[in-house]
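Fold and contact review
For reference, the chains in residue letters:
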Amino acid sequence: MALKVYNTLGRRMEEFAPLRPGEVRMYVCGPTVYDYIHVGNARAFVIADVIRRYLEYRGFKVRFISNITDIDDKMINRAREMGISIQELGELYSDAYFEDIKRLNIKRPDVSPRATQHIPEIIGAIEALIEKGYAYVADGDVYFDVSKFEDYGKLSGNKAEALRMGARIEVNPKKRNPADFALWKGWKPGEPGWHSPWGRGRPGWHIECSTMAQKYLGETLDIHMGGKDLIFPHHENEIAQAEAATGKTFVRYWLHNEWLTVEGKKMSKSLGNFITVREAFKMCSPQVLRLFLVSAHYRSPLDFNKEALAASERRLRRILRALRRLISLAERDSLTPDDERLISEVEEGRRRFEEAMDDDFNTPLAITALLGVVKAINNFADANESIERTTKRRVSEMLIALLDVLGIEWTEGRVKTDREILEGLISILIDVRNEMRRRKEWKAADDIRERLAKLGVTLEDTPTGTRWTIEDVGR
Ligand SMILES: [Zn+2]
């Protein structure tokens, strides 16, 4: 079946076919690194990652670029507040961003270009627009002349509406039309600046993205993604800049995700109702957060609350428990009708999973299909104590491959859980032993110590508490 995606450009479902067969060039607007990313930001990044993973699952070779905005008004103000340089601020929060996406099991972009490291390319792009008559210099600033670009407004609606919305953004007497937007901003005291043909200054936000996207992906991209709040003006302006310069289509499929809400309101820095990813990790594991973030379709709203997280936690536990049950079944050589039925039920589940993902990445329906696979495994394990060897391998590999599309790691989860359980059990035993010692029940306390020693766990009483080590006994 063909993969269909909802294209914001034209607002309709379209069959997905990349420009070059088998290869997908994809760009996602990355973070402005002036603070930790919040769960609303994470939703956009996790969705983009699931789309990338599904395209790879379908056999496409994906080139994935996501930028880092490390210069803009928010960066300048925050660095001033914190009393550090803009560069230090950028390093601090881009490191934090990479740590956070790693914990969320988001694949690292092939390139994460930074705006401040692409100033010459950005200046070159602006010069080309001036040369072609699409941009003009005004007292150290450079603006894009929206009246010159015929298709302005095609992403967000129509030209008249886009001009009206653009005019509201900023009143500035230097502009020819109120809706014109800055490509280059002349230097102001206390701000960083780079030399340019128009004097010292810094690039506008929109030109950073279109320039870096084209540098790493070419003139025409297959997919460009971001939150729906980026449709106007950011993505509208990216189209204007790129297409005015090349005369070619900039992006073939524009995909935008809905907001994450908290009690029905958009989670955002400006509303002050945001929860950072790091705070969320204290409420649930990264895997649970990830499963929660794809529990609604990306074009539907999703509300962040404790009940929804708890539901995702129960689901994840159910899925991983079924997989563990399957793997621990004894193996045999003969094939039974039950084995055959299991294979066909799991294949049916995979077919439904793919059908859901082919329908504009319908992750909630894909999760339902996964839960169907889980049910089939549980039914099998209720009735059978053993399983034919290759059936076991095929079923577990299929389930693990589907989980991988959603970014749910099986191996890591299992290792971590075992270790956590082990550490937890030893610390319970240490607490019990210390309580016995307090009650002067020496015999029972020594018993615990000796029995642990036989298992290779050595306890050592120190002034700061009891420490333990596990002796490596080999395998
Ligand atoms: Zn962008």
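Refer to the structure printed above.
The following paragraphs examine the structure supplied in this document. (Residues numbered from 1 in each chain as written. Predicted model: local features only at pLDDT ≥ 70, side-chain atom pairs only at ≥ 80, totals over all residues.)

Helix and strand content of the protein chain: 15 helices and 17 strands. Out of the 475 residues in the protein chain, the part that is buried amounts to 38%. Considering only residue pairs separated by 6 or more positions, the protein chain has 74% of its internal contacts joining residues 24 or more positions apart. (Helix = DSSP H or I, 4+ residues; strand = E, 2+ residues; numbered from the N terminus. Buried ≥ 20, exposed ≤ 12 C-beta atoms within 10 Å, placed from the backbone. Contact = placed C-beta atoms within 7 Å.)

A few words on the packing of helix H6 (residues 205-217) against helix H7 (residues 231-246). Between H6 and H7, the shortest axis-to-axis distance is 9 Å and the interhelical angle comes to 55°. Considering their axes alone, H6 and H7 lie oblique with respect to each other. Crossing geometry of H6 relative to H7 is assigned as right-handed. The segment H6 lies against H7, with Trp-205, His-206, Ile-207, Cys-209, Ser-210 and Gln-214 engaging His-234, Asn-237, Glu-238, Gln-241 and Ala-242. Its residues assigned to classes, the contact of H6 with H7 comprises 4 nonpolar, 6 polar and 1 charged. (Axes fitted to C-alpha atoms, helices over the stretch in contact; angles between N-to-C directions. Parallel < 35°, antiparallel > 145°, perpendicular 65-115°, else oblique. Left-handed = near helix turned anticlockwise from the far one by under 90°. Nonpolar A, V, L, I, M, F, W, Y, C, P; charged D, E, K, R; others polar.)

Strand pairing in a sheet relies on backbone hydrogen bonds, with the paired strands running either antiparallel or parallel. Spatially, the 4 strands line up as an open sheet ordered S4-S3-S9-S10, and their pairing is parallel. Here the strands that pair on one side only, and so sit at the sheet edges, are strand S4 (61-66) and strand S10 (251-257). Ignoring which end each strand starts from, the neighbouring axes of this sheet average 20° apart. The pairing of strand S3 (residues 23-28) with S4 spans 6 bridges and is classified as parallel. Bridge pairing in S4 links Tyr-27 to Ile-65. Against the sheet, helix H1 (residues 39-57) touches S3, S4, strand S9 (221-227) and S10, its axis set at about 160° to S4. Across the sheet, H6 touches S3, S4 and S9, and the angle it forms with S4 is around 150°. (Pairing = 2+ DSSP bridges.)

What follows is about the packing of helix H10 (residues 306-328) against helix H13 (residues 389-406). The geometry of H10 relative to H13 is characterised by a closest axis approach of 10 Å and an angle of 160° between their N-to-C directions. By the angle between their directions, the pair H10 and H13 is classed as roughly antiparallel. For the element pair H10 and H13, the recorded crossing hand is left-handed. Listed contacts from H13 to Leu-323, Leu-326 and Ile-327 of H10 are Lys-392, Val-395, Ser-396 and Leu-399. Looking at the contact of H10 with H13 residue by residue, the class counts come to 5 nonpolar, 1 polar and 1 charged.

Once that is clear, we can look at the nonpolar core. Residues Val-46, Val-50, Ile-126, Leu-129, Phe-144, Leu-183 and Leu-370 are the most contacted members of the largest nonpolar core, which totals 115 residues. Ranked by the residues each element gives to this core, the list is headed by H1, at 11 residues. Each of two domains, domain 1 (22-115 + 258-304) and domain 2 (307-408), supplies a minimum of three residues to this core. Those residues within four positions of Phe-144 in sequence are excluded, and the remaining contacts are Leu-129, Tyr-134, Ala-135, Asp-180, Phe-181, Leu-183, Asn-237, Ala-240 and Gln-241. (Core = buried A, V, L, I, M, F, W, Y, C linked by C-beta atoms within 7 Å. Domains from an automatic or database assignment.)

Spatial ordering of the open sheet is given by S5-S6-S7-S8, a layout of 4 strands whose pairing is antiparallel. Every other strand in the sheet has two partners, leaving strand S5 (135-138) and strand S8 (201-203) as the edge strands with one partner each. Mean inter-strand twist for the sheet, computed between neighbouring axes without regard to direction, equals 20°. Along the sheet, helix H4 (residues 119-131) contacts S5, strand S6 (141-144), strand S7 (181-186) and S8; its crossing angle with S5, the most-contacted strand, is approximately 105°.

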